[in-house]
Amino acid sequence: MSLLTANSVTKTFAGITALNDVSLEVGAGEIVGLIGPNGAGKTTFFNCLLGLLRPDGGTITFDGKDLTRVPTHRRARLGIARTFQRIELFVGMTPREHFLIADRIRSGKGALWKDMIHKGVPTAAEQERAQETLDLLGLTPVADRVVESLSLGIGRLVEIGRALMTLPRVVLLDEPSSGLDRAETAELERTLLSVHKERGIAILLVEHDVDLVRHFVERVYVLDFGTLIASGPTDEVFADSAVRKAYLGDIV
C-alpha cells in the first residue's frame with residue numbers, strides 16, 4: 001500500500017512548465033529514488049511534496065489523507081521529514097543539541113528559545129532518545145562538538161539524525177552525497193541501510209551519484225524537463241535507452 005503518493009502533479013512558473021503530470025508512489029518502508037539531470041524538476045517536485053510549493057494541478061496524499069493544501073508544519077507532524085542539498089545546521093550547536101531540539105519540536109514541549117541559547121534542560125527521556133540516534137548514526141564520539149568543527153560527511157549524518165528525531169514515517173533525502181568523496185559516500189550508504197533496517201522508515205532519495213542509487217534504492221523514477229520518462233525496478237530503469245540518453249550518457 002502506498003504511503004506517500006503524488007498523482008498527476010503539475011507546476012508552472014511564469015508560463016514555464018516545471019512539472020508536467022508527474023506521479024510517484026512510495027510504499028511504507030520502501031526505498032525509492034528520484035533522478036534526473038540538473039533542471040529536471042526534482043527540487044520543485046520535492047517542494048510540492050513538502051508543501052513549500054502548491055501544485056497547479058494534481059494531488060498529494062499521505063497515508064490516504066489529501067495533503068495538497070496542508071501546510072508544511074502539519075505535514076511534518078504527520079510524519080514527513082527531509083534533509084537539504086545544501087547543509088542546513090545551527091552554527092555553535094552540537095549534534096546532541098540538534099537532536100534534542102528536534103525532539104522538542106516533535107513533542108511540542110519546552111521553550112525552544114531556551115534551547116537555542118543553551119538554557120534548556122533536557123529530560124532523561126529526551127537524552128535517551130537523542131543518545132539512541134547518536135549511536136545509530138555512529139555520532140557518539142563527536143556528539144558534543146560544535147557542528148562547524150565537523151566534516152561535511154558528519155554534517156550530513158547530523159541532518160539525517162535531526163530528521164529521524166521527529167519520528168518520521170518517510171524521509172526525503174535531497175542529494176545527501178553532494179560534496180562527499182567515495183569513502184564518505186560508501187559510509188553514508190552503510191549508515192542509511194542501518195537506519196532503514198533499524199527504523200523501517202520509507203525513504204525517497206534524490207541523488208546524482210549513480211552508484212549510490214543503484215546499490216541503495218529498490219525502485220527509481222526519472223524526470224527530464226519536468227516530465228516523468230521512466231519508472232520501475234532500478235536495474236530495469238538504468239537499462240532504459242531514454243534514461244541513458246537523457247541522464248546517464250556514456251557512464252554505464
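Look above for the structure.
Every value quoted in this text rests on a predicted model; they were computed, and no experiment measured them. (Residues numbered from 1 in each chain as written. Predicted model: local features only at pLDDT ≥ 70, side-chain atom pairs only at ≥ 80, totals over all residues. Heavy atoms only, no water.)

This part takes up the overall build of the protein chain. Along its length, the protein chain carries 10 helices and 10 strands. A compact globule built from 252 residues should have a C-alpha radius of gyration of about 18 Å, and the protein chain, at 18 Å, falls within 12% of that. Seen through its C-alpha atoms, the protein chain measures out along the principal axes to roughly 55 × 40 × 35 Å. Accessible area for the protein chain stands at about 11,900 Å²; split by element, carbon and sulfur atoms hold 52% of it. (Helix = DSSP H or I, 4+ residues; strand = E, 2+ residues; numbered from the N terminus. Rg over C-alpha atoms; globule rule 2.2 N^0.38 Å. Areas by Shrake-Rupley, 256 points an atom, 1.4 Å probe, with all protein chains shown as cover.)

Attention now moves to the side chain of T83. Within the secondary structure layout, T83 lies in the loop between β6 (80-82) and α3 (95-107). A residue is classified by how much of its surface remains accessible, and T83, at 3% relative accessible area, is buried. A distance of 3.4 Å separates the side chain of T83 from the backbone nitrogen of D174, its partner in a polar contact. (Buried < 20%, exposed > 50% of the residue type's maximum accessible area, 1.4 Å probe, protein only. Polar contact = N/O pair within 3.5 Å; in protein donor to acceptor, adjacent residues only side chain to side chain.)

It is worth spelling out the pattern of salt bridges at this point. Going through the model one piece at a time under the given rule, you end up with 11 salt bridges. E30 serves as the salt-bridge partner of R219, at 2.6 Å between the closest nitrogen and oxygen. Remark: E30 occurs in the loop between β2 (16-27) and β3 (31-35) and R219 occurs in strand β9 (residues 219-224); sequence separation between them is 189 residues. Its relative accessible area of 21% is what places R219 among the partly exposed residues. (Salt bridge = Lys/Arg side-chain N within 4 Å of Asp/Glu carboxyl O.)

On to the layout of surface pockets, then. Quantified by volume, the largest pocket comes out at close to 650 Å³. As for the largest pocket, its lining consists of 26 residues, and the residues nearest its centre are A76, I80, A81, I105 and T166. Contributions of two or more residues to the lining of the largest pocket are made by α2 (72-78), β6, α3, α4 (112-116) and α6 (152-164). For the lining of the largest pocket, the element with the most residues is α2, which contributes 6 residues. Residues of the lining of the largest pocket, tallied by class, amount to 15 nonpolar, 5 polar and 6 charged. Taken as a whole, the second largest pocket encloses approximately 150 Å³ of empty space. (1 Å grid on protein atoms, 1.4 Å probe; cavity = no way out; pocket = protein on both sides within 12 Å on 5 of 7 lines; lining within 4 Å. Points joined across faces, edges and corners; volume = space filled by probe spheres on them. Nonpolar A, V, L, I, M, F, W, Y, C, P; charged D, E, K, R; others polar.)

Let us now look at the pairing of strand β8 (residues 202-206). Of all 5 residues making up β8, 5 are buried, and the element is well covered by its neighbours. Of the two faces of β8, the one carrying A202, L204 and V206 and the one carrying I203 and L205 are both buried. In this structure, β3 lies alongside β8, joined through 4 bridges in parallel fashion. By the bridge assignment for β8, L34 is matched with V206. As judged from the 5 bridges shared by strand β7 (residues 170-174) and β8, these two strands associate in the parallel manner. In the strand pairing of β8, V170 is matched with A202. (Pairing = 2+ DSSP bridges.)

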